[in-house]
Amino acid sequence: MKTILPHNALSLEKSRPGRRGVRFEQAEKHASAYLPEAYLRKSVPKLPELSEFETVRHFTRLSELNYCLDGEFYPLGSCTMKYNPKAYDVLSALPGFANVHPLAPESAVQGTLEALYGLQELLKKVTGLAAFTLQPAAGAHGELTGILTARAYHDARKDFKRTEVIVPDTAHGTNPATAHMAGYTVVNIKSAPDGRVDKEALQQALSDKTAVVMLTVPNTVGLFETDIREIADRVHKAGALFYLDGANFNALAGLVKPADMGADLMHLNVHKSFAAPHGGGGPGAGPVGAAAHVAPFLPKPMVELKNGKYTLSGKMPKSLGKMKAFFGNIAVCLRGYCYLRQFDGQTFRQIAENAVLNANYVRAALKDKFNAFFDCICMHECVLSINPAEMNGVHTSDIAKRLLDYGFYAPTIYFPLIVPEAMMVEPTETESKQMMDAFVDAMEQIYTEIQTEPQTVKDAPHSQCVCRIDEVSAAREPNLRW
Amino acid sequence: MFIPHTQEDRQEMLDKIGVSSVKELLSQIPQDLLYPALDLPRALSEQELTAHMQALAARNKPLKNFIGAGIYEHFIPAAVNALSSRGEFLTAYTPYQAEASQGTLQTIYEFQSCMCALTDMDVATASHYDGATALAEAALACLRLTNRTEILISAALHPHYKEVLQTYVRHQPGVCVKEAPLGADGTLDLEALSQRLSDKTACFVLATPNFFGCLEQAEEVSSRVHQAGALLTAVVNPIALGVMQTPGSYNADFAVAEGQPLGNAMNFGGPGLGIMTAKKAYMRQLPGRIVGIAKDKNGRRAFVLTLQAREQHIRRERASSNICSNEALCALNAVIYLTLLGPAGLAEVAELNLERAHQLAERVGKLPGFRVKYAAPFFNEFVLECPVPAKKIIQKLEKKGLSAGYALGKDFKGMENCLLVCATETKTTEDLQAYAEALGGIK
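Residues numbered from 1 in each chain as written. Chains lettered and ligands numbered in written order. Predicted model: local features only at pLDDT ≥ 70, side-chain atom pairs only at ≥ 80, totals over all residues.

### A closer look at the overall build of chain B
For step 1, the next point in the chain: Each helix and strand in chain B was counted, giving 14 helices and 15 strands.
For step 2, the next point in the chain: A principal-axis box enclosing the C-alpha atoms of chain B has dimensions of 80 × 50 × 50 Å.
For step 3, the next point in the chain: Going through the 443 residues of chain B one by one, you find that 61% of them count as buried.
For step 4, the next point in the chain: Taking all contacts inside chain B whose residues are at least 6 apart in sequence as the whole, residues at least 24 apart take part in 73%. (Helix = DSSP H or I, 4+ residues; strand = E, 2+ residues; numbered from the N terminus. Buried ≥ 20, exposed ≤ 12 C-beta atoms within 10 Å, placed from the backbone. Contact = placed C-beta atoms within 7 Å.)

### A look at the overall build of chain A
For step 1, the next point in the chain: Regarding its fold elements, chain A presents 16 helices and 14 strands.
For step 2, the next point in the chain: For 482 residues, the compact-globule estimate of 2.2 N^0.38 gives 23 Å, and chain A sits close to it at 25 Å.
For step 3, the next point in the chain: When the 482 residues of chain A are sorted by exposure, 60% land in the buried category.
For step 4, the next point in the chain: Long-range contacts, defined as pairs at least 24 residues apart, comprise 72% of the intrachain contacts of chain A with a sequence gap of at least 6. (Rg over C-alpha atoms; globule rule 2.2 N^0.38 Å.)

### Notes on the sheet that holds strand S14 (residues 469–470) of chain A
For step 1, the next point in the chain: What the 3 strands build is an open sheet, ordered S14(A)-S9(B)-S10(B); its pairing is antiparallel. Edge strands, defined here as strands with exactly one partner in the open sheet, are S14 of chain A together with strand S10 (301–305) of chain B.
For step 2, the next point in the chain: Looking at chain direction, S14(A) and strand S9 (residues 291–296) of chain B are connected through 2 bridges and run antiparallel. Bridge pairing links A:Asp470 to B:Lys295 in S9(B).
For step 3, the next point in the chain: Sitting on the sheet, helix H6 (residues 102–119) of chain B touches S9 and S10 of chain B, and the angle it makes with S10(B) is about 85°. (Pairing = 2+ DSSP bridges. Axes fitted to C-alpha atoms, helices over the stretch in contact; angles between N-to-C directions.)

### Let's talk about unusual backbone geometry
For step 1, the next point in the chain: Backbone torsion omega between A:Lys300 and A:Pro301 reads -5°, so that peptide bond is classified as cis.
For step 2, the next point in the chain: In this fold, A:Pro301 is placed in the loop between strand S7 (288–290) and strand S8 (304–306).
For step 3, the next point in the chain: For the peptide bond that leads from A:Phe415 to A:Pro416, omega is -5°, which places it in the cis range.
For step 4, the next point in the chain: Tracing the backbone shows A:Pro416 in the loop between strand S12 (412–413) and strand S13 (422–425).
For step 5, the next point in the chain: Here B:Asp39, not a glycine, exhibits a phi torsion of approximately 55°, which is positive.
For step 6, the next point in the chain: Following the sequence through the fold, B:Asp39 ends up in the loop between helix H2 (22–25) and helix H3 (46–59).
For step 7, the next point in the chain: Given 9 C-beta atoms within 10 Å, B:Asp39 falls into the exposed group.

### Some points on the domain arrangement of chain A
For step 1, the next point in the chain: Domains assigned within chain A are domain 1 (11–64), domain 2 (100–342) and domain 3 (349–463).
For step 2, the next point in the chain: Just the C-alpha atoms count here: the centres of domain 1 of chain A and domain 3 of chain A sit 46 Å apart. (Domains from an automatic or database assignment.)

### Digging into the environment of B:Ile393
Residues and elements named next belong to chain B.
For step 1, the next point in the chain: Mapped onto the elements of the fold, isoleucine 393 is located in helix H13 (residues 390–398).
For step 2, the next point in the chain: Separated by 21 residues in the primary sequence, isoleucine 393 and valine 372 have C-alpha atoms spaced 15 Å apart.
For step 3, the next point in the chain: When residues no more than four places from it in sequence are discounted, the contact partners of isoleucine 393 are Cys386, Val388, Ala404, Leu419 and Ile442.

### Some points on the domain arrangement of chain B
Residue and element names in this part refer to chain B.
For step 1, the next point in the chain: Under the domain assignment used here, chain B contains domain 1 (64–74 + 343–440) and domain 2 (78–336).
For step 2, the next point in the chain: Inter-centroid distance (C-alpha atoms) of domain 1 to domain 2 is 27 Å.
For step 3, the next point in the chain: Contacts between the two partners involve 24 residues from domain 1, matched on the other side by 22 residues from domain 2.
For step 4, the next point in the chain: Top contributing element to the side of domain 1 that touches domain 2 by residue count: helix H12 (residues 328–365), with 7 residues.
For step 5, the next point in the chain: Within the side of domain 1 that touches domain 2, the residues separate by chemical class into 16 nonpolar, 3 polar and 5 charged. (Nonpolar A, V, L, I, M, F, W, Y, C, P; charged D, E, K, R; others polar.)

### Here we look at the interface of chain B and chain A
For step 1, the next point in the chain: In this assembly, 162 residues from chain B lie in contact with 171 residues from chain A.
For step 2, the next point in the chain: For the side of chain B that touches chain A, the residue count by class is 82 nonpolar, 52 polar and 28 charged.

### A short note on H6(B)
Residue and element names in this part refer to chain B.
For step 1, the next point in the chain: Taking 1.5 Å as the rise per residue, H6 with 18 residues should run 26 Å; its terminal C-alpha atoms sit 26 Å apart, in good agreement.
For step 2, the next point in the chain: Burial analysis of H6 places 18 of its 18 residues in the buried class, which makes it a mostly covered element.
For step 3, the next point in the chain: Phi turns positive one or two residues past the end of H6, at aspartate 120, with a value near 60°. (Expected span 1.5 Å × (residues − 1).)

### Focus: the nonpolar core
Burial of nonpolar side chains together is a common tendency in soluble globular proteins.
For step 1, the next point in the chain: Counting residues in each nonpolar core, the largest one holds 331 residues, and the members touching the most others are A:Tyr243, B:Leu135, B:Val205 and B:Val235.
For step 2, the next point in the chain: No other element matches H12(B), which puts 22 residues into this core.
For step 3, the next point in the chain: Ignoring sequence-local partners within four residues, the contact set of B:Val235 consists of B:Gly131, B:Leu135, B:Leu157, B:Tyr161, B:Val205, B:Leu206, B:Ala207, B:Val256 and B:Ala257. (Core = buried A, V, L, I, M, F, W, Y, C linked by C-beta atoms within 7 Å.)

### Observations concerning the sheet that holds strand S14 (residues 406–407) of chain B
Residue and element names in this part refer to chain B.
For step 1, the next point in the chain: Ordered in space as S11-S12-S15-S14, the 4 strands form an open sheet in which the pairing is antiparallel. Every interior strand has two partners, whereas the edge strands, strand S11 (371–372) and S14, have only one.
For step 2, the next point in the chain: Sheet topology note: the S11/strand S12 (residues 381–385) ladder contains 2 bridges and is antiparallel. Paired with arginine 371 across the two strands is glutamate 385, which belongs to S12.
For step 3, the next point in the chain: Taken strand by strand, H12 contacts S11, S12 and strand S15 (418–422), and its axis lies near 5° from that of S12.

### With respect to the pairing of S15(B)
Working note: regular strand, side chains alternate between the two faces of the sheet.
Residue and element names in this part refer to chain B.
For step 1, the next point in the chain: Burial within S15 is extensive, with 5 of its 5 residues counted as buried.
For step 2, the next point in the chain: Residues Cys418, Leu420 and Cys422 of S15 are buried on one face, and the alternating residues Leu419 and Val421, pointing to the opposite face, are buried as well.
For step 3, the next point in the chain: Pairing of S12 with S15 involves 5 bridges; the strand directions are antiparallel. If you follow leucine 384 over to S15, its bridge partner there is leucine 419.
For step 4, the next point in the chain: Pairing of S14 with S15 involves 2 bridges; the strand directions are antiparallel.

### Regarding the packing of helix H5 (residues 110–127) of chain A against H3(B)
For step 1, the next point in the chain: Across the interface, H5(A) lies against H3(B) with an axial gap of 5 Å and an inter-helix angle of 130°. Comparing the axis directions of H5(A) and H3(B) gives the class oblique. Contacts between H5(A) and H3(B) involve A:Gln110, A:Gly111, A:Glu114 and A:Ala115 from the first element and B:Leu56, B:Ala57, B:Ala58 and B:Arg59 from the second.
For step 2, the next point in the chain: Among the residues making up the contact of H5(A) with H3(B), the classes are represented as 4 nonpolar, 2 polar and 2 charged. (Parallel < 35°, antiparallel > 145°, perpendicular 65-115°, else oblique.)

### Remarks on the packing of H5(A) against helix H11 (residues 330–342) of chain A
All names here are of chain A.
For step 1, the next point in the chain: Contact geometry of H5 with H11 gives a least axis separation of 9 Å together with a crossing angle of 60°. The angle between the axes of H5 and H11 places the two elements in the oblique class. The way H5 lies across H11 gives a crossing that is left-handed. Every residue of H11 that contacts H5 at Thr112, Ala115, Leu116, Gly118, Leu119 and Leu122 is listed here: Ile330, Cys333, Leu334, Gly336, Tyr337 and Leu340.
For step 2, the next point in the chain: Grouping the constituent residues of the contact of H5 with H11 by class yields 9 nonpolar, 3 polar and no charged. (Left-handed = near helix turned anticlockwise from the far one by under 90°.)

### Quick notes on the pairing of strand S4 (residues 176–180) of chain B
All names here are of chain B.
For step 1, the next point in the chain: Pairing of strand S3 (residues 150–154) with S4 involves 5 bridges; the strand directions are parallel. Opposite glutamate 150, over in S4, you have cysteine 176 as the bridge partner.
For step 2, the next point in the chain: You can see the chain leave S3, run along helix H8 (residues 159–169) and come back into S4, and the turn it takes is right-handed. (Right-handed = clockwise from strand over helix to strand, strands pointing away.)

In structure tokens, the structure reads:
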């Protein structure tokens, strides 16, 4: 259990006029020697003034207020909070990589380009897809890249009647938001009672207006779409493209190739499925792969190997254009490259199998007390659900907060939307049996508390630097800055 | 090892689940799809991987860098990475459970505050992928806010920003992007700007410094844009704001920037740090995460993700953006950097940039056959017109260990002899001299 930490002041509240953390050499002349008066700043910005030591204390103290994967079990479903080897942090930040300008002559950046080319090739091998762009900066950015690639594909065929993207109701919110951003109308389809795609509903929604069908595999309730190839066939028969959301690819790498499932487009999350820490909310990287017929429409440029030299100057006349300035979140991509070089096919298989084994272990251990919403073998995550009426009025959010008191981060809650009071638990492949046993113990103790002292659960957390937060008040009168 | 289970662990787990093998757990996968051949290279040990990556890093040539063009080399104090690489920051997720994420949440609040202070704007978001996508998202917000259909941009907007903007708005019904041309001094032709503004213009995208390094007459631009009933989105350089007039001071509606210069390494251009600030009136149209202050049930100050009704996980296809993960760790680097520098340090580093770039311009502008192309004021980069194609200069200087600048001919017709040159505080007087000498022999 974490100890209670005292309230932490803002850096500005600790600030004293005239204090400094870093000094640069003095310029010979003031800015007014170089710029006309009208171009100069008129007021001093309200930035904190701290010494270096105070700055170190301030941010160290703040860091201690966080739960993090290095410290705590972090079973956030769909977020794949698995261990990322420390070597990748060090190797991706080698000065030879970190201090390289993106517009430096290509002859001076062959090392970086070779690694990126290597990553493109390895992603192709793992997925069976024909080409990969490394440009997208995150999963949602990858989705947008994929959907815009599909749009460029249809437009090139002058197939302008396709205005709809089909998304199942279990999808992450980013799927419909992405389709809308790409200028498409979103068609939501209900899932079947077993949590998988309702093929009838899909068939009814498909038409010559369908541009893309977006599907997450395994889906967000942790199930593999058993009829995936039939689904892909129907999508293709309707003239639409089949987009796979790779948010949960850690459970597939080595077990199944997306190309074999009929995927035309797919994004991967380097930061979840492979090997980059999440950084409190990014940076990630969301490479997008495409089958051969769609590949020419991916963003430009891609790394190519020509006459023994790596280059970004290849022509891609059908490309949709650029998704971000420069070439992608390179430091994150380098971590992905490290990961794919450190394991072979056999190990990837084991990694995926362990993601599945761990999720099923937790499901089996908890399902008697917390209802497994889909009571069957799952893939990399399991969805638990409670009925507050049978739980002394305790809600999922209360259990999540109480878990913090036991030294565990909470599962993803209230998602997927089709499961009431959902708790989505993803232990990931790197957790030990002992850690999962401790988590199961904590959940069982909370279950007992719900029967004997429910108020303790409803008032949780009791161990953090703040108690339960009133989030509604923050939105009513927003205070977003000092 | 990456997978912790012993054979015994595995067996106990299988027993608990009630299956006899792991393969049984995979029965929902069609068996003909299962276990494809992967053909991956031999797995490297950590030691082998380290040697391999070191060899790749060594294949990059360490040239002395005089390129800016959107990514800038600045000194990063050691405390920045020492703090941001703490596992407590590095390995946390997006702060969904606020009570156990107060550290990350407070740093984002402080980041937002620093961005507002830098730009003199009212509100800031938690971050975007980079400056270009922040601009594209700001432009989308302007289209929504004005119900107009035209985005007018400076011809001297970064070429990558132009392309990304096009990618993002191309499929919005009826929307088009138009350019306002430059005058002879490298800044906007104000009369031409006025002519192109109309009651269709949703926003004007002003870049200052612009891609050629020139500073614009922002106040004059702003009043013309607002007269047309359009919104002003400023693209700025955060280090320059240590000494330069702020977007808030010239009444910008949105200000966006690439935040990489604030404590983040160049990393071959990514990750970047998209900064977006705006007037308070547009708060509920902003894309992406925002942190605010709330109270816990004992009345104590606490930080939370707020205004989430704008976001994809709540609003789905009606969200203001699809953005989910952003660049939190880069924003952390930025706020640590600014906390170390304070207002005085930021002004100091900005003045050093001004001085080094002007010293370099003076040296190379005097060389026979070379001239500084534009007369407009500039910050830390400028266009050097050369007697030979800029590409040739880059090749020649590379042999002397220098990265001479960015050749503008690729993106701007008729500028084949123009080189965009940058000198930040990282370039010493000796470096400037070496650069001028290397250019000196070229005719």
